[in-house]
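# Architecture at a glance
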Amino acid sequence: MVGWKIAVIIGAVVILLCQSSWLFKDARKRSRYPWFWGIWGLIQCPMPLIFYLLIVRVNWSKRRNT
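All of the points below concern the structure found in this document. (Residues numbered from 1 in each chain as written. Predicted model: local features only at pLDDT ≥ 70, side-chain atom pairs only at ≥ 80, totals over all residues. Heavy atoms only, no water.)

### Quick look at a nonpolar patch on the surface
The line we're drawing: Surface patches are drawn from residues lacking salt bridges whose relative accessible area is over 30%; two like charges belong together within 9 Å, two nonpolar side chains (Val, Leu, Ile, Met, Phe, Trp, Tyr) within 5 Å. Shrake-Rupley sampling with a 1.4 Å probe provides the accessible areas, and residues are treated as covered by the protein chains on show and by no other component. One speaks of a salt bridge when a side-chain nitrogen belonging to Lys or Arg is within 4 Å of a carboxyl oxygen belonging to Asp or Glu. In this description a helix means any DSSP run of H or I spanning at least four residues, a strand means any run of E spanning at least two, and both kinds are numbered starting from the N terminus.
Taken together, the side chains of Met 1, Val 2, Trp 4, Ile 6, Val 8, Ile 10 and Val 14 present a nonpolar region at the surface, about 780 Å² in accessible area. Among the structural elements, Val 8 can be located in helix 1 (residues 3–30).

### Some remarks on the pattern of salt bridges
In plain terms, the rule: We call a residue buried when its accessible area falls under 20% of the maximum for its residue type, exposed when it is over 50%, and partly exposed in between, using a 1.4 Å probe and counting protein chains only.
In the structure shown here, the tally under the stated rule is three salt bridges. For Asp 26, the salt bridge goes to Lys 29, with nearest N and O atoms at 3.7 Å. Placement of both Asp 26 and Lys 29 in helix 1 is noted, with a separation of three residues, approximately one turn of the helix. Asp 26 gets classed as buried once you look at its relative accessible area, which sits at 6%.

### Focus: the packing of aromatic side chains
Selection criterion: When two rings of Phe, Tyr or Trp (its six-membered ring) have centres within 6.5 Å they constitute a pair, described as stacked for plane angles under 30 degrees, edge-to-face for angles over 60, and tilted for the intermediate range.
For the structure shown, the criterion picks out seven aromatic pairs. Between Phe 36 and Trp 37 the ring centres are 5.1 Å apart and the planes differ by 75°, which places this aromatic pair in the edge-to-face class. Centroid distance Phe 36 to Trp 40: 5.7 Å. Interplanar angle 35°. Geometry classified as tilted. Taken together, the residues span about one helical turn, with Phe 36 and Trp 40 both in helix 2 (residues 34–43) at a distance of four residues. Accessibility expressed as a relative area gives 47% for Phe 36, which makes it partly exposed. Site record: aromatic cluster; members linked through ring pairs are Trp 22, Phe 36, Trp 37, Trp 40, Phe 51 and Tyr 52.

### Some details on unusual backbone geometry
The omega angle of the peptide bond from Cys 45 to Pro 46 is 0°, so this bond is cis rather than trans. The backbone of Ser 31 shows a phi angle near 55°, a positive value even though the residue is not glycine. Position of Ser 31 among the secondary structure elements: in the loop between helix 1 and helix 2. Located in the positive-phi region is Tyr 33, a residue other than glycine, with phi close to 50°.

### Section: the packing of helix 1 against helix 2
This is how the line gets drawn: Orientation is described by lines fitted to C-alpha atoms, with helices fitted over the stretch in contact, and by angles between N-to-C directions that extend from 0 to 180 degrees. These descriptions rest on fixed angle ranges, namely under 35 degrees for roughly parallel, over 145 for roughly antiparallel, 65 to 115 for roughly perpendicular, and the rest for oblique. Working rule for contacts: check all heavy atoms of both residues, and any pair within 4.5 Å makes them a contact. Gly falls in the polar group here, along with every residue not listed as nonpolar (Ala, Val, Leu, Ile, Met, Phe, Trp, Tyr, Cys, Pro) or charged (Asp, Glu, Lys, Arg).
Look at helix 1 against helix 2: their axes get within 8 Å of each other, and the N-to-C directions meet at 170°. Taken together, helix 1 and helix 2 sit at an angle that is classed as roughly antiparallel. For the pair helix 1 and helix 2, contact is made by Leu 16, Leu 17, Gln 19, Ser 20, Leu 23, Phe 24, Ala 27 and Arg 28 and by Pro 34, Trp 35, Trp 37, Gly 38, Gly 41 and Leu 42, respectively. Taken together, the residues of the contact of helix 1 with helix 2 sort by class into nine nonpolar, four polar and one charged.

Geometric values such as these leave the question of function open.
Following this line, the structure appears as structure tokens:
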């Protein structure tokens, strides 16, 4: 009964750590506030990833010209 709860918690922790480390590494590579993205990625999922992809990874100025 308790085993599946522990598995869900461990799964959530793994997902948050993977998300946070990817956000931190990619933001550091792009010089875009890596600590902010890394810490926010530890707090919740998937909103930081979605916002990061929309704000940092999408080049909006290039999209307007085409």
